[in-house]
Amino acid sequence: MDSGPVSRLLAALLACGLVLPAMAAPAAPAEPRASQLLQLLHNDCGACHGLTFRGGLGSPLTPEALQGKPDDSLAATILNGRPGTPMPPWRPFLDEEEAKWLVYYLKQGARP
Amino acid sequence: MAGLLPEAGRTALILTLSLLLAACAAPPLRGTGDLGVVIERASGSVQVVDNTHQRSLGRIQGLGDLSHASVVFSRDARYAYVFGRDGAISKVDLLTRQLVQRVAQASNSIGGAISSDGKVIAAQNYEPGGVRLFDADNLALLADIPAVTGHNGKPSRVVGLADLPGNRFAYALFDADEIDVLDASDPAHPVLARHPGAGKSPYDGLASMDGRYFLAGLYGEDGLSLLDTWRPEQGVRRVLAGYGRGEQAMPVYKMPHLRGWSIAGEYAFLPAIGHHEVLMADSRSWAQVAAVPVLGQPVFVMAEPSGRHVWVNFAFPDNDKVQVIDVPSRQVIKTLQPGRAILHMEFTARGDAVWLSSRDDDKLVVIDTATLNTRSTLPAREPSGIFFSWRAGRMGM
């Protein structure tokens, strides 16, 4: 999966001022890591949250569903999981910057 | 022509020509007992495969969002009902490879079942939470049975739907900790029997092959819930409770799946949640017999039809491996690495081969269960579920 067009699209949106100014775009990881992360998001997050992120046993991850939720707490949920729910911690597989980039990616409504 | 041929000759000629025409128009005669459906999750298509000759017969497109899709068969094993995540049911003809009917019946669905008389299709839905019944012929809606309101204030998501004898269906409620049995003998007016207090967060369920027991796996506790449908008045009881006692639960990166292939002969083989073990239980008393250590979080734990071996695949990050457990010695005898992201396994009817789907290598791998050698590989687009038509004649499948 090529994330190049996605990064370019997000950059273009930012340049147009179409992306919320409060949400600074985290730097996209270098390839091939970015593609690996999008694969992980698509397949492994998608296993519970749905391939199109509209939810399953996991909650929906669409921009509407994530609206108003602080980026930091969403990134923390990815990294640490949510105890008492099936959401596991993904810290063994990605770092903080990468989690923030995935949150940003999801909030843009971009699909893998 | 009328003047040249006697009446009898003319009739014979017409009959012969008609037969020839029918032969051109119809596909060659064949049975469906060795056919199957492979889900190609990302492209919204399915392949129809022949498991005797290990080949693809064709592809049917346009089935929508097939992430977590599952399939049941009409009891003549000609039609497959494909349940998509997007809430659609697609009825597919295995012989002509045509999509014959499709209904969008919910916005988020997880699977379905077919009644013991073959006339009713039941869909289990997350959104709106509940079960809907359809006519198996034309997919016309027969009844809507919303699930009871769950902890989240919405009708609970339904998991583990399985058919039982007498046109009944059993299922569990993820958000309401309940097992329900729906009697659809009058499908327009089904009767619901509820069993609350069935354990915390059931994530999937199965019916035993005789349709007597319904078992729900629990995410929220170490244990499973069992309903003996011969004795429903006894209610639901906990089995294999506390299987991980004293051990730290590990994170689960993919929910395991349960179905009737978990039970073979005198044993049931079940995935532990948060523990890298396959639980082995007596299939009558349901007492734990053993816990077999495996290399990761089991997802599918499937007994060969003979019951001699049990095959296990795993959650991320161990989903490139498959382990084979020898039942008498209760030990792993082989670890295979057949491809990246092995999402599903399906045995042929009598278990001479097992088909595996490798999502990230875009292939199906056919393994000989006697030698554990690969017989062949077939191309497929991000394959997930594989469903063979022998399921048509089996309860709980």
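Please read these numbers as outputs of a predicted model, since none were measured by experiment.

Rules behind the numbers
Every chain is numbered independently, its residues counted from 1 as its sequence is written. The naming scheme follows written order: chains are lettered A onward, ligands numbered 1 onward. For this predicted model, a pLDDT threshold of at least 70 governs which residues receive local features, and a threshold of 80 or more governs which side-chain atom pairs are given and counted, while totals over whole chains, interfaces and linings are taken from all residues. The side-chain numbers reported here are obtained from all heavy atoms of the structure, hydrogens and water having been left aside. Put plainly, a pocket is an open set of points on a 1 Å grid over the protein atoms alone with protein on both sides within 12 Å along at least five of seven lines, a cavity is a set where a 1.4 Å probe fits but cannot get out, and a lining residue has an atom within 4 Å of a point. Grid points are joined across faces, edges and corners, and a volume is the space filled by probe spheres set on the points. Secondary structure elements follow DSSP: runs of H or I of four or more residues count as helices, runs of E of two or more count as strands, with numbering from the N terminus. Classes in brief: Ala, Val, Leu, Ile, Met, Phe, Trp, Tyr, Cys and Pro nonpolar; Asp, Glu, Lys and Arg charged; the others, Gly included, polar. Only strands that DSSP links by at least two bridges are regarded as paired with each other. Axis definition: a line fitted to C-alpha atoms, limited for helices to the stretch in contact. Angles are taken between N-to-C directions and run from 0 to 180 degrees. Each pair of aromatic rings taken from Phe, Tyr and Trp, with Trp reduced to its six-membered ring, is defined by centres within 6.5 Å and is described as stacked if the planes are under 30 degrees apart, edge-to-face if over 60, and tilted in the remaining cases. We define a salt bridge as a contact between a side-chain nitrogen of Lys or Arg and a carboxyl oxygen of Asp or Glu at a distance within 4 Å. Residue exposure (1.4 Å probe, protein chains only): buried if accessible area is under 20% of the type maximum, exposed if over 50%, otherwise partly exposed. Pairs of N or O atoms within 3.5 Å make up the polar contacts considered here, provided that, within protein, one atom can donate a hydrogen while the other can accept it, and that residues adjacent in sequence are counted only when both atoms are side-chain atoms. Whether two residues are in contact is decided by their heavy atoms: any pair within 4.5 Å suffices. What makes a crossing left-handed is the near helix being turned counterclockwise from the far one by less than a right angle; a clockwise turn instead makes it right-handed.

Enquirer: Even after reading the chapter, I still don't get empty space enclosed by the protein, so can you show me in this structure?
Expert: The gaps of empty space that remain are located by a probe, the size of a water molecule, rolled over the atoms. What the rule picks out here adds up to three cavities of 30 Å³ or more. Here the largest cavity defines a volume of roughly 800 Å³. Lining the largest cavity are 47 residues, and of these His68(B), Ala69(B), Ile110(B), His257(B) and Phe300(B) lie nearest its centre. Among the elements that make up the lining of the largest cavity, the one with the highest residue count is helix 2 (residues 33-49) of chain A (five residues). Each residue belonging to the lining of the largest cavity can be placed in one class, and the counts come to 24 nonpolar, 15 polar and eight charged.

Enquirer: When you look at the environment of Val159(B) in this model, what are you seeing that I'm missing?
Expert: In this structure, Val159(B) sits in strand 12 (residues 158-164). Sequence separation of Val159(B) and Ile110(B) is 49 residues, and the distance between their C-alpha atoms is 7.5 Å.

Enquirer: Sorry, what's going on with the sheet that holds strand 18 (residues 224-228) of chain B here?
Expert: Strands belonging to one sheet form pairs held by backbone hydrogen bonds; the direction of such a pair is parallel or antiparallel. Residues and elements named next belong to chain B. Read across the open sheet, the four strands follow the order 16-17-18-19; overall the sheet is antiparallel. Here the strands that pair on one side only, and so sit at the sheet edges, are strand 16 (202-207) and strand 19 (236-239). Each neighbouring strand pair of the sheet contributes to a mean axis angle of 25°, computed without reference to strand direction. Of the strand pairs in this sheet, strand 17 (residues 213-218) and strand 18 are connected by five bridges, and their pairing is antiparallel.

Enquirer: Looking at this structure, I do not really get the layout of surface pockets. What am I missing?
Expert: Of the pockets and cavities examined, the second largest pocket occupies roughly 290 Å³. Around the second largest pocket, the lining is made up of 16 residues, and of these Gln36(A), Gln39(A), Leu40(A), Asp44(A) and Phe316(B) lie nearest the centre. Split by residue class, the lining of the second largest pocket holds six nonpolar, four polar and six charged.

Enquirer: Where do I start with the packing of aromatic side chains in this structure?
Expert: Pairs of aromatic rings are described using the distance from one ring centre to the other and the angle between the two planes. Inspection of the entire model under this criterion finds 12 aromatic pairs over all chains. Ring centres of Trp90(A) and Tyr253(B) lie 4.6 Å apart, and the angle between their planes is 65°; on these two criteria the pair is classed as edge-to-face. On the criterion of chain membership, the pair formed by Trp90(A) in the loop between helix 4 (71-80) and helix 5 (96-107) and Tyr253(B) in the loop between strand 19 and strand 20 (263-264) is interchain, its members lying in two chains. Centroid distance Phe93(A) to Tyr253(B): 5.2 Å. Interplanar angle 85°. Geometry classified as edge-to-face.

Enquirer: In this structure, what is going on with the pattern of salt bridges? I would like to understand it.
Expert: Side-chain pairs of opposite charge can arise whenever the charged atoms involved come near each other. All chains considered together, the criterion is met by 23 salt bridges over all chains. Measuring nitrogen to oxygen at the nearest pair gives 2.7 Å for the salt bridge that ties Lys107(A) to Asp71(A). Remark: Asp71(A) occurs in helix 4 and Lys107(A) occurs in helix 5; sequence separation between them is 36 residues. Under the relative-accessibility criterion, Lys107(A) is labelled buried at 18%. Here Arg59(B) and Glu40(B) are joined by a salt bridge, their closest N and O atoms 2.7 Å apart. Here Arg59(B), found in strand 3 (residues 55-60), pairs with Glu40(B), found in strand 1 (residues 35-40); they are 19 residues apart in sequence, far enough to count as distant. Judged by relative accessible area, Arg59(B) falls into the partly exposed class, the value being 32%. Linked by salt bridges that have partners in common, Arg30(B), Asp34(B), Asp50(B) and Arg55(B) make up one network.

Enquirer: What am I meant to see in the side chain of Ser208(B) here?
Expert: Residue and element names in this part refer to chain B. Take Ser208: it is sitting in the loop between strand 16 and strand 17. A distance of 3.3 Å separates the side chain of Ser208 from the backbone nitrogen of Arg212, its partner in a polar contact. Among all residues touching Ser208, those that are not within four sequence positions of it are Tyr213 and Ile263.

Enquirer: I'm lost on the packing of helix 4 of chain A against helix 5 of chain A in this one. Help?
Expert: What describes two packed helices is the angle between their axes and the distance between those same axes. All names here are of chain A. The geometry of helix 4 relative to helix 5 is characterised by a closest axis approach of 9 Å and an angle of 120° between their N-to-C directions. Crossing handedness for the pair helix 4 and helix 5: right-handed. Only Glu96, Ala99, Lys100, Val103 and Lys107 of helix 5 make contact with helix 4, whose side of the interface consists of Asp71, Asp72, Leu74, Ala75, Ile78 and Leu79. When grouped by side-chain class, the residues that make up the contact of helix 4 with helix 5 number six nonpolar, no polar and five charged.

Keep in mind that these numbers describe shape and distance, not what the molecule does.
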